[in-house]
Number of protein chains: 6
Amino acid sequence: MRELLERAGGFMGSVDNYQEADIALVGAPMDFTVSFRPGTRMGPRQIRTVSVGLEEYSVYLNRSLDAVRFFDCGDVSLPFGNVQESLDRIFRVARQVVQDGKFPLFLGGEHLVTYPIVKAVKERYADLVVVHFDAHADLRLSYEDQSLSHATVMRKVCDLVEPLNVYQLGIRSGIKEEFDYANENTNMYIDQVKEPLSRIIEEVAGRPVYITLDIDVVDPAYAPGTGTPEPGGCTAREIIEAIHLLGGSTVVGFDLVEVSPVYDPSERTALLAAKLVREAMLSFC
Amino acid sequence: MRELLERAGGFMGSVDNYQEADIALVGAPMDFTVSFRPGTRMGPRQIRTVSVGLEEYSVYLNRSLDAVRFFDCGDVSLPFGNVQESLDRIFRVARQVVQDGKFPLFLGGEHLVTYPIVKAVKERYADLVVVHFDAHADLRLSYEDQSLSHATVMRKVCDLVEPLNVYQLGIRSGIKEEFDYANENTNMYIDQVKEPLSRIIEEVAGRPVYITLDIDVVDPAYAPGTGTPEPGGCTAREIIEAIHLLGGSTVVGFDLVEVSPVYDPSERTALLAAKLVREAMLSFC
Amino acid sequence: MRELLERAGGFMGSVDNYQEADIALVGAPMDFTVSFRPGTRMGPRQIRTVSVGLEEYSVYLNRSLDAVRFFDCGDVSLPFGNVQESLDRIFRVARQVVQDGKFPLFLGGEHLVTYPIVKAVKERYADLVVVHFDAHADLRLSYEDQSLSHATVMRKVCDLVEPLNVYQLGIRSGIKEEFDYANENTNMYIDQVKEPLSRIIEEVAGRPVYITLDIDVVDPAYAPGTGTPEPGGCTAREIIEAIHLLGGSTVVGFDLVEVSPVYDPSERTALLAAKLVREAMLSFC
Amino acid sequence: MRELLERAGGFMGSVDNYQEADIALVGAPMDFTVSFRPGTRMGPRQIRTVSVGLEEYSVYLNRSLDAVRFFDCGDVSLPFGNVQESLDRIFRVARQVVQDGKFPLFLGGEHLVTYPIVKAVKERYADLVVVHFDAHADLRLSYEDQSLSHATVMRKVCDLVEPLNVYQLGIRSGIKEEFDYANENTNMYIDQVKEPLSRIIEEVAGRPVYITLDIDVVDPAYAPGTGTPEPGGCTAREIIEAIHLLGGSTVVGFDLVEVSPVYDPSERTALLAAKLVREAMLSFC
Amino acid sequence: MRELLERAGGFMGSVDNYQEADIALVGAPMDFTVSFRPGTRMGPRQIRTVSVGLEEYSVYLNRSLDAVRFFDCGDVSLPFGNVQESLDRIFRVARQVVQDGKFPLFLGGEHLVTYPIVKAVKERYADLVVVHFDAHADLRLSYEDQSLSHATVMRKVCDLVEPLNVYQLGIRSGIKEEFDYANENTNMYIDQVKEPLSRIIEEVAGRPVYITLDIDVVDPAYAPGTGTPEPGGCTAREIIEAIHLLGGSTVVGFDLVEVSPVYDPSERTALLAAKLVREAMLSFC
Amino acid sequence: MRELLERAGGFMGSVDNYQEADIALVGAPMDFTVSFRPGTRMGPRQIRTVSVGLEEYSVYLNRSLDAVRFFDCGDVSLPFGNVQESLDRIFRVARQVVQDGKFPLFLGGEHLVTYPIVKAVKERYADLVVVHFDAHADLRLSYEDQSLSHATVMRKVCDLVEPLNVYQLGIRSGIKEEFDYANENTNMYIDQVKEPLSRIIEEVAGRPVYITLDIDVVDPAYAPGTGTPEPGGCTAREIIEAIHLLGGSTVVGFDLVEVSPVYDPSERTALLAAKLVREAMLSFC
């Protein structure tokens with residue numbers, strides 16, 4: 001009977017257990033601090049579900065998911081509404097993954113989940129570089145009086161790694177203070193996604209790179225299913241090519257955040273996310 | 001030019017300022033502790049918006065909103081993700097409303113917002129009775145380790161008022177512990193909404209009554225736009241009649257919670273909520 | 001090749017030409033005077049489209065559409081935004097249908113289209129009775145200064161037929177003036193749909209009856225796809241039974257109005273409308 | 001790390017392996033022969049997904065899913081478009097489940113999947129009774145020249161079991177030939193769902209009963225997410241009570257079919273299905 | 001209590017009263033003459049609502065909305081279905097705004113609303129230039145026998161200003177007569193949006209420019225929420241840049257029309273509109 | 001009365017009968033072998049319906065549909081679930097059209113319908129060239145054990161025409177075996193749509209060309225309403241220009257497949273399809 005049945009739920013092509021995997025895929029379905037439209041908690045689930053609509057083989061890279069060994073660990077169990085405890089749990093999972101020598105690949109959830117993951121990766125890679133794709137600068141000191149927020153996450157990351165090691169691409173929204181901070185501290189590329197990459201890759205050659213990709217870096221035409229869509233972004237093709245370009249660096253961790261399925265009945269946002277996860281695994285591992 | 005323009009945004013029929021009002025309508029757009037589908041933060045806004053699709057006159061009661069003086073105060077400004085501070089702010093607003101001698105009418109947001117409102121109302125009415133319409137018992141001690149949750153709110157309310165003064169109607173979901181607690185402490189009517197009301201009204205005659213109405217007490221056919229829909233509920237007509245029946249009691253406060261617009265493209269959940277708000281104002285004030 | 005192809009577009013079971021038909025089905029896709037949500041112009045089209053999801057046979061009546069000969073004439077071509085000219089054209093089509101001795105069966109569009117149809121039917125039946133199913137009284141003298149409006153249509157009808165010959169069922173919304181007028185002039189049944197029918201049928205025995213059915217008489221749970229949904233209405237089963245009951249009268253014309261597809265992704269409003277059209281044809285002809 | 005993670009995808013409360021289970025829950029995501037709107041292949045997946053929005057405990061029955069031991073086997077893997085091979089595979093899985101002494105509980109998919117399941121159950125229970133909840137008679141000999149179709153499934157079932165042992169409830173659509181056949185062969189209750197059950201239960205006392213529940217027996221207001229919605233059905237509460245009533249019989253198998261998620265953005269159809277699955281497991285096992 | 005509350009409804013960053021404003025933002029929610037899909041009457045409301053999802057600061061222009069003083073006047077109150085009276089009211093409001101020396105910024109509603117606004121602006125600026133972004137030429141003499149129509153608006157504008165002063169960009173749909181007229185009278189750029197702008201800006205240097213922007217100039221991928229989407233348009237980024245380029249001209253009025261929310265559950269059409277309004281205010285004032 | 005009515009349902013601008021037509025437009029609403037999301041059976045109907053939102057005149061080509069004589073034949077009647085019989089019927093209709101000397105223009109349905117159409121066209125044009133726009137290679141030998149599948153269609157076409165005469169553009173998804181086959185047999189252009197066309201047109205000059213266009217060649221941003229959307233495709237403008245370029249070849253047949261309306265509430269996928277049909281008719285005939 002076994003051969004007639006298929007278990008549903010995981011990302012296509014996962015190996016059967018954690019031990020044999022080189023990549024650990026983990027969902028972090030937290031959406032407690034978002035300011036506009038919540039719902040990214042449904043993101044990891046839908047990204048997995050629609051992944052079966054894609055192939056495991058990438059014609060861009062002439063490589064298939066069976067060439068990388070990844071395990072879909074499921075989602076971090078989170079206490080609804082408790083931000084601090086949620087971040088702690090994500091951190092503990094990320095640290096374990098890193099300590100086990102596996103490549104951490106997280107799916108949000110809101111962008112704040114990047115903070116504990118970078119913290120865990122940083123423990124292992126002292127000279128970590130962070131490449132940040134996003135429509136929003138996310139560099140506030142606080143948002144509505146909260147220092148832990150989806151709008152402050154990159155400022156928090158700048159507490160973990162040297163701001164000079166933070167590269168921000170595609171940014172087209174924020175308040176003046178964020179851009180002033182970026183000008184003096186990080187490397188920010190307004191509205192540019194693919195163009196600056198070759199130069200950046202040269203700069204960070206040989207150093208460990210963590211990539212955090214907020215799906216809203218892409219224009220809402222291509223990724224309408226997100227919490228704070230910001231018109232004027234790049235195309236799906238551009239972000240796919242950006243991932244391919246970064247295949248030339250030493251990438252040590254990756255997250256893709258802010259997919260919010262309910263605003264996209266076509267499911268194309270989750271399909272783009274699933275495709276980016278596939279290309280990321282095939283490019284970085 | 002003035003006479004040619006209309007300002008948009010508020011609930012139909014609001015008077016122009018707080019001072020002259022007998023009822024204060026307040027939105028509490030918090031949705032941080034929900035477990036299934038977030039989005040009730042958009043509830044108050046949509047209830048106001050669709051209210052213009054209704055009339056100010058109720059043929060059921062032969063009375064119009066101009067007969068009651070209510071002011072739409074707008075929404076409580078909330079720090080996203082900070083549960084405690086959010087509840088504090090709601091409490092401060094509710095207390096002020098009560099102290100000003102006005103009838104508090106709150107729109108959620110998630111059900112947890114009822115806790116600080118009841119707390120404020122209880123300060124004034126020592127012998128407060130709470131009538132609770134809901135599909136869920138909401139009587140847990142904690143949910144996912146959190147004692148402040150949409151699933152614990154009525155247990156928290158039972159810390160404020162005598163559990164024996166809590167009447168729960170329409171309940172059809174929960175865990176065993178909640179029903180055990182209810183059996184011993186509160187007055188719970190499984191799956192019944194209108195039937196027990198005449199008896200309850202008799203029991204509480206002369207005492208101050210607070211009503212909290214979770215829109216999911218109604219069947220999802222009538223109110224699909226909610227976070228945790230539970231099939232098997234009452235009809236729209238039944239809940240309207242229940243409000244009319246309670247017009248015979250001394251109602252001193254009212255909230256309507258858990259409207260989540262994004263799951264209802266027909267907007268009928270918000271329309272039902274707006275109609276219930278109108279009938280509540282005309283019945284209780 | 002012919003036998004392998006099917007032409008799409010018309011209501012299921014139409015005969016091939018107007019001449020041989022006993023019933024003329026006509027769409028009147030006008031939605032210019034509505035106050036809340038436009039879109040009923042798409043109604044006739046969707047009612048036809050989904051009709052293929054039903055059977056031509058009615059088990060309730062043990063009769064099939066091939067027993068009545070109806071022709072789907074298509075839609076009246078309307079000049080967008082020109083209310084008077086649109087009503088004129090609808091009148092001319094309706095008059096021709098009546099003069100040709102056929103049963104007029106119109107699909108709205110907004111409720112105002114009933115006015116010219118009744119005018120045409122009245123020319124033939126001097127003692128016409130009008131039975132009106134609706135959530136709204138539609139008895140205003142004017143609405144936003146317009147005397148021709150979906151909110152005034154029944155008042156206009158009362159200029160055509162004796163108000164005492166107008167029976168209004170299911171009404172649950174309006175302004176005080178409308179109910180005052182109804183009390184003195186028409187026969188109005190607040191919130192009742194099926195209950196008063198046997199009495200009405202007795203009263204109008206032997207007289208010609210025109211039926212106008214605004215789909216919002218049904219609760220938005222059953223008919224969410226409409227312009228001004230009003231919670232608290234009857235069920236689909238009740239309105240089907242009401243049509244069956246009226247089969248005992250001498251019905252000489254029928255319209256079904258206010259289906260607005262875009263608010264109902266499930267298409268069940270149009271399906272209910274198509275089923276009511278089938279039951280009406282099988283009951284009245 | 002384990003304790004911080006949860007695997008997603010299965011129906012809530014499943015035990016960890018097939019061997020220890022008393023009930024085998026199997027998805028049959030086939031939708032190849034439907035005539036109106038396809039999409040039920042997504043049904044099993046969504047029913048599982050939304051099941052987490054419910055509780056494992058039923059207050060109606062005062063019993064929880066941990067009292068029954070069921071295993072979610074996943075979906076039968078089906079060759080797209082190949083009807084015969086698909087039915088064969090479903091049959092092989094169902095037969096294995098029955099031979100292993102487990103209670104078969106299948107989720108459709110389209111209604112035709114019931115045929116191979118009943119065939120498998122009949123092998124074990126020679127005097128099998130079939131109770132059929134549906135809006136449609138499904139008694140055609142063929143549909144569009146196909147004898148294997150969602151519209152012929154109950155006629156095919158009548159080849160397996162004595163037609164006199166087939167009880168059909170809630171039926172309100174079909175062609176004349178179907179009702180003629182039913183009158184002479186099966187036990188059909190037009191438009192009635194709960195009313196005839198006590199009598200039926202008496203009639204079949206002591207005999208093995210298989211239940212097939214097409215979700216469209218319920219009115220589209222309560223279950224819009226289905227392929228051929230038929231207005232005029234029962235309420236969610238009625239169908240829940242029907243399941244409870246049948247708890248008094250010896251039920252030996254159950255399927256729930258025709259949930260089509262894409263037509264129901266509110267997810268309430270799948271929620272009702274999940275609740276019925278829970279109540280069925282708690283009532284029958 | 002004041003400091004805890006926020007009034008909802010207006011465009012983000014509005015000043016508190018009309019008198020102190022340099023820009024008057026006015027909604028004109030008319031959609032009576034459209035031929036395909038109505039619904040733009042909901043446009044102004046949704047543009048305001050989603051504006052809170054953006055920032056008041058524009059990183060493109062390094063300028064924030066607090067640098068311009070604008071007042072959100074609300075919507076012109078319109079008699080449903082009465083085209084002429086509606087246009088009169090819009091004209092009266094626009095004329096008052098112009099006479100008060102404020103920059104008129106109108107939100108449609110359908111495109112016909114541009115006619116009375118241009119009429120009012122032309123009263124002050126005799127040598128007015130009109131820059132028109134649109135997928136459609138809108139140059140018909142009449143449409144379905146109506147001379148006042150969303151399809152004739154630019155022809156009507158050509159009655160107000162010299163056709164040679166009308167510049168039409170992005171046009172890709174119309175009938176032959178419109179393009180013949182354009183060839184002989186106006187300046188039309190087929191399918192081009194940004195390219196011709198520098199030349200145009202040079203041509204009109206020093207003269208007052210009115211800009212009318214039909215959101216369907218953008219491809220439906222970026223702006224699906226509109227009445228007559230026409231595939232093949234420009235990107236969101238291009239139209240944003242076009243606004244920035246026009247900042248080099250003397251712009252004296254602006255409208256953005258044809259946003260129809262119901263066709264865009266992602267809300268990105270309204271978000272693009274809100275962003276264009278922000279960039280327009282920051283570029284032109 | 002005639003002049004006041006319009007029959008609905010067909011593609012805009014159709015002539016009145018088959019005999020006088022040069023082009024036969026036929027729907028093939030089959031969706032039985034698709035693997036991910038069914039629903040393309042609704043495609044032909046919606047493409048026709050929304051075509052009225054476009055003009056008959058193309059400004060790109062300065063030509064109107066009245067210059068070509070096409071007849072909308074309706075849809076091929078298909079037995080649900082019977083793949084072989086369905087393909088046979090489509091073949092018989094296509095062959096008749098070709099034998100009658102008319103240009104075959106088919107609307108899918110799923111991509112497998114292309115196989116019988118090419119078979120019919122090949123009977124007449126021995127040296128047929130096939131130009132294939134698609135995101136997917138569709139070159140599998142079998143899919144889920146089925147050799148007749150939407151994923152094998154181009155491999156089946158390679159049985160009909162020389163693989164070397166097959167040109168595949170825009171391809172960005174498939175399994176390794178498909179690309180290996182393509183490398184050795186067909187002409188495949190990964191991810192390129194417009195670029196290779198001039199060279200191809202030169203190569204095939206003077207030879208009969210059949211074009212099959214799977215709408216998913218376009219990015220899901222522009223065409224979300226399809227069964228297996230694949231992020232990273234071309235824009236609407238690019239595919240329109242590709243059709244224009246092919247106007248320079250001797251095109252003898254055309255199909256457009258895989259439009260699935262339910263996933264696109266904005267209807268822009270069907271609008272793009274209708275526009276491509278118009279441009280194809282005006283370019284090729």
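Residues numbered from 1 in each chain as written. Chains lettered and ligands numbered in written order. Predicted model: local features only at pLDDT ≥ 70, side-chain atom pairs only at ≥ 80, totals over all residues. Heavy atoms only, no water.

Undergrad: Quick rundown of the overall build of chain A? Include the residues and the values.
TA: On a plain count of helices and strands, chain A comes out with 8 helices and 11 strands. Here chain A has a C-alpha radius of gyration of 17 Å; the compact-globule value for 285 residues is 19 Å, and the two agree. Over its C-alpha atoms, taken along the principal directions, chain A stretches across nearly 65 × 40 × 35 Å. The 285 residues of chain A split such that 72% are buried. Put simply, of all contacts in chain A between residues at least 6 apart along the chain, 77% involve residues at least 24 apart. As displayed, chain A has an accessible area near 8,300 Å², and 42% of this comes from carbon and sulfur atoms. Charged side chains in chain A number 27 positive and 42 negative. The centres of these two groups are separated by 3 Å. (Helix = DSSP H or I, 4+ residues; strand = E, 2+ residues; numbered from the N terminus. Rg over C-alpha atoms; globule rule 2.2 N^0.38 Å. Buried < 20%, exposed > 50% of the residue type's maximum accessible area, 1.4 Å probe, protein only. Contact = heavy atoms within 4.5 Å. Areas by Shrake-Rupley, 256 points an atom, 1.4 Å probe, with all protein chains shown as cover. Lys, Arg positive; Asp, Glu negative; His and termini not counted. Charge placed at Lys NZ, Arg CZ, Asp CG, Glu CD.)

Undergrad: Describe the interface of chain A and chain D, and please don't skip the residues or the numbers.
TA: Counting from both sides, the interface comprises 25 residues of chain A and, opposite them, 25 residues of chain D. Summed over both partners, the interface of chain A with chain D comes to about 2,200 Å²; 66% of that surface belongs to carbon and sulfur atoms. Contact with chain D buries area across many residues of chain A, yet Met1, Leu4 and Leu5 of chain A alone supply 29% of it, more than any other trio. The tally of links from chain A across to chain D stands at 0 salt bridges. (Buried area = accessible area lost by both parts, 1.4 Å probe. Salt bridge = Lys/Arg side-chain N within 4 Å of Asp/Glu carboxyl O.)

Undergrad: Describe the confidence of the model for chain A, with residues and values.
TA: Atomic detail in the predicted coordinates should be set aside for any region of low pLDDT. Taken over all residues, the pLDDT of chain A has a mean of 95, while the share at 70 or more is 100%. Taken over the whole predicted complex, pTM reads 0.97, whereas the ipTM for its chain interfaces reads 0.96. (pLDDT = per-residue confidence, 0-100.)

Undergrad: How would you explain helix α4 (residues 153–160) of chain E if you had to name every residue and give the values?
TA: Where burial is concerned, most of α4 of chain E is hidden: 6 out of the 8 residues are buried. In this structure, the buried residues of α4 of chain E make contact with α3 (114–124), β7 (129–133), β8 (166–171), α5 (176–185) and β10 (208–214) of chain E.

Undergrad: Go over the sheet that holds strand β5 (residues 70–76) of chain B with me, naming the residues and quoting the values.
TA: Ordered by their spatial adjacency, 9 strands build an open sheet running β9(B)-β8(B)-β7(B)-β10(B)-β11(B)-β6(B)-β2(B)-β5(B)-β1(E), and the pairing between neighbours is mixed. This sheet does not close on itself; its edge strands, each paired only once, are β9 (187–190) of chain B together with β1 (5–6) of chain E. Direction of pairing for strand β10 (residues 208–214) of chain B relative to strand β11 (residues 250–257) of chain B: parallel, over a ladder of 7 bridges. Within β11 of chain B, the residue paired with tyrosine 210 of chain B across the bridge is glycine 253 of chain B. The strands touched by helix α5 (residues 176–185) of chain B are β8 (166–171) and β9 of chain B; relative to β9 of chain B, the strand with the most contacts, the crossing angle is about 125 degrees. (Pairing = 2+ DSSP bridges. Axes fitted to C-alpha atoms, helices over the stretch in contact; angles between N-to-C directions.)

Undergrad: Please give an account of the interface of chain C and chain B that cites residues and values.
TA: Between chain C and chain B, the contact holds 25 residues from the first and 21 residues from the second. In this assembly, chain C packs against chain B so that about 2,000 Å² is buried in total across both faces, 58% of it on carbon and sulfur atoms. Looking only at chain C, the three residues that lose the most surface to chain B are Phe36, Asp191 and Pro231 of chain C, adding up to 25% of its buried area. For the pair chain C and chain B, the interface holds 4 salt bridges. The salt bridge involving glutamate 267 of chain B is made with arginine 37 of chain C; its shortest N-O contact spans 2.7 Å. Remark: the boundary between chain C and chain B carries 8 residue pairs in polar contact (both at pLDDT 80 or more). Among the residues making up the side of chain C that touches chain B, the classes are represented as 13 nonpolar, 4 polar and 8 charged. (Polar contact = N/O pair within 3.5 Å; in protein donor to acceptor, adjacent residues only side chain to side chain. Nonpolar A, V, L, I, M, F, W, Y, C, P; charged D, E, K, R; others polar.)

Undergrad: Break down the pairing of strand β8 (residues 166–171) of chain A for me, with residues and values.
TA: Residues and elements named next belong to chain A. Burial analysis of β8 places 6 of its 6 residues in the buried class, which makes it a mostly covered element. Remark: the strand β7 (residues 129–133)/helix α4 (residues 153–160)/β8 crossover connection has right-handed handedness. Inspection of the sheet shows β8 paired to strand β9 (residues 187–190) by 4 bridges, in the parallel sense. In the strand pairing of β9, glutamine 168 is matched with methionine 188. Taking the sense of rotation as the criterion, the β-α-β connection linking β8, helix α5 (residues 176–185) and β9 turns out right-handed. (Right-handed = clockwise from strand over helix to strand, strands pointing away.)

Undergrad: Break down the environment of isoleucine 200 of chain C for me, with residues and values.
TA: All names here are of chain C. Tracing the backbone through its elements, the reader meets isoleucine 200 in helix α6 (residues 197–203). We classify isoleucine 200 as buried; its relative accessible area is 1%. Sequence separation between isoleucine 200 and valine 15 is 185 residues, and the spatial gap between their C-alpha atoms is 34 Å. In this view, isoleucine 200 contacts Tyr167, Leu169 and Tyr189; residues no more than four positions away in its chain are not counted.

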